[in-house]
Amino acid sequence: MSRANRPVTLAAIAGAHGVRGEVRLKLFGEGAEALRAFSVFDAGNRKLTLKSVRPANQGAVATFAEITDRSAAEALRGTLLTVPRSALPPLAEGEYYYHDLIGLPCVSTAGLAVGDVVAVENFGAGDILEIAKPDGKRFMVPMTARAVPVWNDDGVTIDAAFVE
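Cut-offs used in this document
- Residues numbered from 1 in each chain as written.
- Predicted model: local features only at pLDDT ≥ 70, side-chain atom pairs only at ≥ 80, totals over all residues.
- Heavy atoms only, no water.
- Core = buried A, V, L, I, M, F, W, Y, C linked by side-chain atoms within 4.5 Å.
- Buried < 20%, exposed > 50% of the residue type's maximum accessible area, 1.4 Å probe, protein only.
- Helix = DSSP H or I, 4+ residues; strand = E, 2+ residues; numbered from the N terminus.
- Contact = heavy atoms within 4.5 Å.
- Phe/Tyr/Trp six-rings, centres within 6.5 Å; stacked < 30°, edge-to-face > 60°.
- Pairing = 2+ DSSP bridges.
- Axes fitted to C-alpha atoms, helices over the stretch in contact; angles between N-to-C directions.

*Asks:* Would you mind showing me how to read the nonpolar core here?
*Replies:* Generally speaking, soluble globular proteins have nonpolar side chains that are buried together. Among the nonpolar cores identified, the biggest contains 25 residues, and Leu10, Val23, Leu25, Phe41, Leu48, Phe64 and Leu81 are the most heavily contacted of them. Put simply, the parts of the chain that give this core at least two residues each are strand E1 (7–17), strand E2 (22–27), helix H1 (32–35), strand E3 (40–43), strand E4 (46–56), strand E5 (59–64) and strand E6 (80–84). Considering each element in turn, this core owes the most residues, five residues, to E1. Setting aside anything within four residues of it in sequence, one finds valine 23 in contact with Ile13, Gly15, Ala16, His17, Ala60, Val61, Ala62, Phe64, Ile67 and Ala73.

Quick look at the structure:
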């Protein structure tokens, strides 16, 4: 599957909300407002058409055309809501989606293969790449211009001073 068509998970159905088929969502993106940019989500082997979404405690509450009662909503608990990568808005220079970085090979500025990006974390002070080395050990690198001078669809270059 091409990188442009890889599914990007934006939310998961956490359970039913009320009796009319509304669902509680756990969000993985920038909030309930961001979901409004999409009209249809892939939900496992089916498609769900978004009718409405609003912020709620620790997530959102949504209505989908295909879910009309509480039992249908409960049956979808745990279902991931995805869109193809190509459906996401374009990025400005210097921006990235975490999804695009995960899986990229990493090399050092000295030209040595380092490993692959396995996660992108943010504990409040900026993004951090988690790199898995070929021996299975992992290390983290801040996603800053000093530590990661270059990244693109082909890979990530890490300043040799940051390679463990």
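*Asks:* I keep staring at the packing of aromatic side chains and nothing clicks. Help me out?
*Replies:* What describes a pair of aromatic rings is the distance from one ring centre to the other and the angle between the planes of the rings. Under the counting rule described, the total for this entry stands at four aromatic pairs. Ring centres 6.5 Å apart and planes at 25° place the aromatic pair tyrosine 96 and tyrosine 98 in the stacked group. With centroids separated by 5.4 Å and ring planes inclined at 85°, the aromatic side chains of tyrosine 96 and tryptophan 151 adopt a geometry described as edge-to-face. Of this pair, tyrosine 96 sits in the loop between E6 and helix H3 (98–101) while tryptophan 151 sits in strand E11 (residues 150–152), and the two are 55 residues apart along the sequence. Site record: aromatic cluster; members linked through ring pairs are Phe38, Phe41 and Phe64.

*Asks:* For this particular structure, what's the right way to read the sheet that holds strand E10 (residues 138–142)?
*Replies:* Remark on secondary structure: sheet strands pair via backbone hydrogen bonds, oriented parallel or antiparallel. Taken in spatial order, the six strands line up as E10-E9-E8-E7-E12-E11 in an open sheet, and their pairing is mixed. The two strands at the open ends of the sheet, each matched to only one other strand, are E10 and E11. Averaged over all pairs of adjacent strands, the angle between their axes in this sheet comes to 35°, without regard to strand direction. Of the pairings in the sheet, the one linking strand E9 (residues 127–132) to E10 comprises five bridges and is antiparallel in character. Looking at the pairing, glutamate 130 lines up with methionine 140 of E10.

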